[in-house]
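# Remarks on the overall topology
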Amino acid sequence: MLAWQWTTPSITAHRAQVEQAAVAEVLKAPARMDTLYVVDGKLTRTPVGIRPSSNGRTGFDARRERSGVAGRAGEPGFADVVSVMIGFDPADGSLLGMKILGQKETPGLGDKIEKDSAFVGQFTGAKAPLTGVKARSGDNKSQVATITGATISSRTVIRIINNAVARWQPMLAAYDREAGP
């Protein structure tokens, strides 16, 4: 019990730093960021009894225009929950970036969702909803080539991204309508 009490603040601070770095990475280091909280299915700038995973960050460029939104999402993969930070443009669902925050997939196979730069690189510029394919055809921005031998892990990342964008887009549209010009 004493070890837990002693280490918890350090672990919590480290997780916050890792998440902040992931947000900056997937949003391409925006000039400014704000936090948006999900409360009763709606977005607000005011935290009300929230869980740490139920918020997102919105990035702004130097002209104070929204450059993208980042959010953390996770779902069960082959071995355990895969946790992903996603950056996307809510206007059209195009992805700005993706970073695996946590995974315990099979070493040498499933862990390629994090370590294989060719797989990870496909997400920047892709447009949700994404489709997992064995090999991309042409310049289809919605196709992502899955990893041979790690199809379940690959499809998990795709599903996480699709579900996150589908969840956040309508909430952001409603938030923007309520906030007005």
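Note: the structure precedes this text.
Residues numbered from 1 in each chain as written. Predicted model: local features only at pLDDT ≥ 70, side-chain atom pairs only at ≥ 80, totals over all residues. Heavy atoms only, no water.

This brings us to the overall build of the protein chain. Helix and strand counts for the protein chain stand at four helices and eight strands. Taken from N to C terminus, the helices and strands of the protein chain fall in the order α-β-β-β-β-β-β-α-α-β-β-α. Against the 2.2 N^0.38 benchmark of 16 Å for 181 residues, the protein chain shows a C-alpha radius of gyration of 17 Å, consistent with a compact globule. For the protein chain, the C-alpha atoms occupy an extent of roughly 50 × 45 × 30 Å along the three principal directions. Counting the 181 residues in the protein chain, one finds 40% classified as buried. Pairs at least 24 residues apart make up 51% of the contacts formed inside the protein chain by residues separated by at least 6 positions. As displayed, the protein chain has an accessible area near 10200 Å², and 55% of this comes from carbon and sulfur atoms. Of the charged side chains in the protein chain, 23 are positive and 17 negative, and the gap between their average positions amounts to 1 Å. (Helix = DSSP H or I, 4+ residues; strand = E, 2+ residues; numbered from the N terminus. Rg over C-alpha atoms; globule rule 2.2 N^0.38 Å. Buried < 20%, exposed > 50% of the residue type's maximum accessible area, 1.4 Å probe, protein only. Contact = heavy atoms within 4.5 Å. Areas by Shrake-Rupley, 256 points an atom, 1.4 Å probe, with all protein chains shown as cover. Lys, Arg positive; Asp, Glu negative; His and termini not counted. Charge placed at Lys NZ, Arg CZ, Asp CG, Glu CD.)

Attention now goes to the layout of surface pockets. Roughly 160 Å³ of internal volume is contained in the second largest pocket. Arg72, Ala73, Asn163, Ala164 and Arg167 are, among the 14 residues lining the second largest pocket, the residues nearest its centre. Within the residue set of the lining of the second largest pocket, elements represented by two or more residues are strand S4 (66–76), strand S5 (81–89) and helix H4 (151–179). At seven residues, S4 tops the list of elements feeding residues into the lining of the second largest pocket. For the lining of the second largest pocket, the per-class residue count stands at eight nonpolar, three polar and three charged. (1 Å grid on protein atoms, 1.4 Å probe; cavity = no way out; pocket = protein on both sides within 12 Å on 5 of 7 lines; lining within 4 Å. Points joined across faces, edges and corners; volume = space filled by probe spheres on them. Nonpolar A, V, L, I, M, F, W, Y, C, P; charged D, E, K, R; others polar.)

Our next topic: unusual backbone geometry. That bond from Ala128 to Pro129 is cis: its omega, 5°, falls within 30 degrees of zero. Along the chain, Pro129 falls in the loop between helix H3 (117–121) and strand S7 (131–133). Its identity is not glycine, yet Lys28 carries a phi of approximately 60°, on the positive side. Mapped onto the elements of the fold, Lys28 is located in the loop between helix H1 (2–26) and strand S1 (32–39). Unlike most non-glycine residues, Ala29 shows phi in positive territory, near 50°. Within the secondary structure layout, Ala29 lies in the loop between H1 and S1. Residue Ala29 is classed as exposed on the basis of its relative accessible area of 60%.

Moving on to the pattern of salt bridges. Counted according to the given criterion, the structure contains 10 salt bridges. The closest approach of N and O atoms between Arg45 and Asp34, which form a salt bridge, is 3.0 Å. Taken together, the residues Arg45 in the loop between strand S2 (42–44) and strand S3 (55–60) and Asp34 in strand S1 connect sequence positions 11 residues apart. On the accessibility criterion, Asp34 (15% relative accessible area) is buried. The closest approach of N and O atoms between Arg66 and Asp176, which form a salt bridge, is 2.3 Å. You can see Arg66 sitting in strand S4 and its partner Asp176 sitting in helix H4, a full 110 residues away along the chain. (Salt bridge = Lys/Arg side-chain N within 4 Å of Asp/Glu carboxyl O.)

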